[in-house]
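Here is how the chains run, residue by residue.
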Amino acid sequence: MRQQEINYWITAMMQTHGRVSDLNITVGRPLQVESDGVLVPVDVEPPVTELTPFQAEVFALNLIGGNRRLLRDLVTKGSCDLSYSLEDTARFRVNIFTQKGFFTSVLRKLETKIPSITGFDFPEAFEKMAREKNGLILFTGATGTGKTTSMAAILNRINEERAIHVVTLEDPIEYIHPHKKATFNQREMGDDFDTFAGGLRAALRQAPKVILVGEIRDRETLEIALTAAETGHVVFSTLHTIDAGQTINRILGMFEKDEQPQIRNRLVDTIRWIVSQRLPPRIGGGRIAALEILCTSLRIKDLILNGETEEKTFYNVLKEGSAHNMRTFDQHLLELYEQGLITEESAIAYCSHRSEIKRGLDTIKAARGEKTSDIEGLAVEQEEKDPFGWS
């Protein structure tokens, strides 16, 4: 296989289906793309009914292109991350890994158009995040829930309104920000820096006002991020947590028990916002972001300092915090359902508390004059975890 054949496969995979987010090259399967969250096969000429180990390996090695660092990572760590451009028409974030002795490649399509807060109908809270002068702003959620897109929209607003220096540390660079009012320096892991911790430490000497760290993966990166936030920088980053409350607990879990009181105090001083994201399917095709938003308030600071109790929980404070631009997933899912953007089934599948969401759905349906849940069902209903473990 030659490079031209690899690019033909990629082009065909992009053009065969609408709303393609990922390309999947796995031995024993046909060429596949993920469209609206579902893997579907792709037809090419000559046909590929099942990828052979040789085809998958040649595909992966063509993407790597002889880069020694990536080859070393693949051999020693079992996977490597890189970016790949298709003749200036499309860009991809790529992960190549080994499984059962074979190579698998997954390519995430990167958007070339910089997102905007208004274009994506993001809430007013995003405007406020763009105006923050210091502190830590975290975006959380599973892989592929749009965290990078949300942060890019906020950085784009900063770029349009503030004449400041912005440094991003990414793995790999996804959205390429042009210089507008702000000056952007975007650095890619592997080519421009070795680790997020090392790149962040160096960024403190590069006189930025805003720093984006692609992901907080370890305690060292978190400690430097806290220091940066304490010394007058705005730090944006991501964590793989399912909601705002778990984000605080995950951060505390990176430290020993005797260190946690000090970390709680530092979090109270530094955290400004936590946004958690999920992507339920949109009626009519595609997906739509459901957002849980935490903003620091006196009640939030009390929870960070003293922990949750049965009566005092992050969920309850967010639920009652609309005056501070806060909301829970369940509140936003009910809004999306009421607007006709998602189905009742999606609202239930992506919620945090099923009993809460069902009560809300019944209220909306009653106002519409629709049939609500059976009385018998309500009488025996108990709080339960959803199939994703988000309760």
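Residues numbered from 1 in each chain as written. Predicted model: local features only at pLDDT ≥ 70, side-chain atom pairs only at ≥ 80, totals over all residues. Heavy atoms only, no water.

Q: Could you clarify how one ought to interpret the pattern of salt bridges in this entry?
A: Pairs can form between side chains of opposite charge once their charged atoms are near each other. Inspection of the entire model under this criterion finds 22 salt bridges. The partner of R157 in a salt bridge is E161, with the nearest N and O atoms 4.0 Å apart. Of this pair, R157 and E161 both sit in helix α5 (residues 147–161), four residues apart, which is roughly one turn of that helix. Look at E161 and you get partly exposed, because its relative accessible area is 42%. Ionic pairing is found between E320 and R299, a salt bridge with its closest N-O pair at 3.0 Å. (Salt bridge = Lys/Arg side-chain N within 4 Å of Asp/Glu carboxyl O. Helix = DSSP H or I, 4+ residues; strand = E, 2+ residues; numbered from the N terminus. Buried < 20%, exposed > 50% of the residue type's maximum accessible area, 1.4 Å probe, protein only.)

Q: Help me out: how do you make sense of the pairing of strand β4 (residues 79–86) in this one?
A: Within a regular strand, the side chains alternate between the two sheet faces. Side chains of β4 alternate between two faces, with C80, L82, Y84 and L86 buried and S79, D81, S83 and S85 left unburied. As paired strands, β4 and strand β5 (residues 90–99) are joined by eight bridges and run antiparallel to one another. Its bridge partner being in β5, C80 is matched across the sheet by I96. The antiparallel pairing of β4 with β5 creates a hairpin that spans three residues between the two strands, and E87 there sits at a positive phi of about 45 degrees. (Pairing = 2+ DSSP bridges.)

Q: Just checking my understanding: could you explain the pairing of strand β1 (residues 20–25) for this structure?
A: Among the six residues that make up β1, six are buried, leaving the element largely enclosed by the rest of the structure. Both β1 and strand β2 (residues 32–35) contribute to a ladder of four bridges, which runs antiparallel. Bridging from a neighbouring strand, L23 pairs with V33 of β2. What sits between β1 and β2 in their antiparallel hairpin is a turn of six residues, with G28 showing a positive phi close to 90 degrees. In terms of strand pairing, β1 meets strand β6 (residues 102–110) through four bridges, oriented antiparallel.

Q: Teacher, can you tell me more about the environment of A228 here?
A: Tracing the backbone through its elements, the reader meets A228 in helix α7 (residues 219–230). The buried category is assigned to A228, whose relative accessible area is 0%. Separated by 24 residues in sequence, A228 and L204 have C-alpha atoms that sit 6.9 Å apart. Filtering out sequence-adjacent residues up to four positions away, A228 remains in contact with L204, I211, H233 and V235. (Contact = heavy atoms within 4.5 Å.)

Q: Is there a simple way to think about the packing of aromatic side chains in this case?
A: The description of two aromatic rings rests on the distance between their centres and on the angle between their planes. Tallied over the full model, the rule gives five aromatic pairs. Arranged with centres 6.2 Å apart and planes meeting at 25 degrees, the rings of W9 and F59 form a pair that is stacked. Note that W9 is positioned in helix α1 (residues 3–16) and F59 in helix α2 (residues 53–64), a separation of 50 residues in sequence. For the pair shown, W9 and F59 are each scored as buried. Residue placement shows R278 over the ring face of F329; its charged tip is 3.8 Å from the ring centre. Against the face of Y337 rests R368, its NZ or CZ located 4.9 Å from the ring centre. (Phe/Tyr/Trp six-rings, centres within 6.5 Å; stacked < 30°, edge-to-face > 60°. Lys NZ or Arg CZ within 6 Å of the ring centre and 35° of its normal.)

Q: I would appreciate a short explanation of unusual backbone geometry in the present structure.
A: One can expect most non-glycine residues to show negative phi and most peptide bonds to be in trans. At the junction of E45 and P46, the peptide bond is cis and its omega measures out at -5 degrees in the coordinates. Within the element layout of this structure, P46 appears in the loop between β3 (38–41) and α2. Positioned with a positive phi, A207 is a non-glycine residue whose angle comes to about 55 degrees. Structurally, A207 is set in the loop between α6 (196–203) and β10 (210–213). The class of A207 is exposed, set by a relative accessible area of 58%.

Q: What am I meant to see in the sheet that holds β6 here?
A: The strands making up a sheet associate through hydrogen bonds between their backbones, and the pairing can be parallel or antiparallel. The six strands lie next to each other as β3-β2-β1-β6-β5-β4, forming an open sheet whose pairing is antiparallel. The open sheet is flanked by β3 and β4, the only strands paired with a single partner. Taken pair by pair, the neighbouring strands of this sheet meet at an average axis angle of 25 degrees, ignoring direction. Here nine bridges tie β5 to β6, and the two strands are oriented antiparallel to one another. Of the residues in β6, the one forming a bridge with F97 is T104. Across the sheet, α2 is in contact with β1, β4, β5 and β6; its angle to β6 comes to roughly 50 degrees. (Axes fitted to C-alpha atoms, helices over the stretch in contact; angles between N-to-C directions.)

Q: Looking at this structure, how should I read the packing of α1 against α2?
A: Axes are the key here: two packed helices are described by the angle between their axes and the distance separating the axes. Relative to each other, α1 and α2 sit at 100 degrees, their axes nearing to 10 Å. Relative to α2, α1 is oriented roughly perpendicular. Facing α1, whose interface residues are Q3, I6, W9 and I10, α2 presents Q55, V58, F59, N62 and L63. In terms of residue class, the contact of α1 with α2 is made up of six nonpolar, three polar and no charged. (Parallel < 35°, antiparallel > 145°, perpendicular 65-115°, else oblique. Nonpolar A, V, L, I, M, F, W, Y, C, P; charged D, E, K, R; others polar.)

Q: I keep staring at the nonpolar core and nothing clicks. Help me out?
A: Ranked by internal contacts, the top residues of the largest apolar core, which has 65 residues, are F126, M129, F139, I158 and F236. With six residues, α7 is the largest single contributor of residues to this core. With sequence-adjacent residues up to four places away left out, I158 is seen in contact with A130, I164, V166, A182, V210 and F236. Counting 31 residues, the second largest nonpolar core, distinct from the first, contains L31, L63, C80 and Y84. (Core = buried A, V, L, I, M, F, W, Y, C linked by side-chain atoms within 4.5 Å.)

Q: Which parts of the structure should I look at to understand the UniProt feature "domain: AAA+ ATPase" (unreviewed entry) in the protein chain?
A: Per the UniProt annotation, the sites labelled "domain: AAA+ ATPase" (unreviewed entry) are residues 133–259. Helix makes up 35% of residues 133–259 and strand 22%, and the two end C-alpha atoms of the span are 28 Å apart. (UniProt positions renumbered as here; feature names shortened; annotations may be inferred.)

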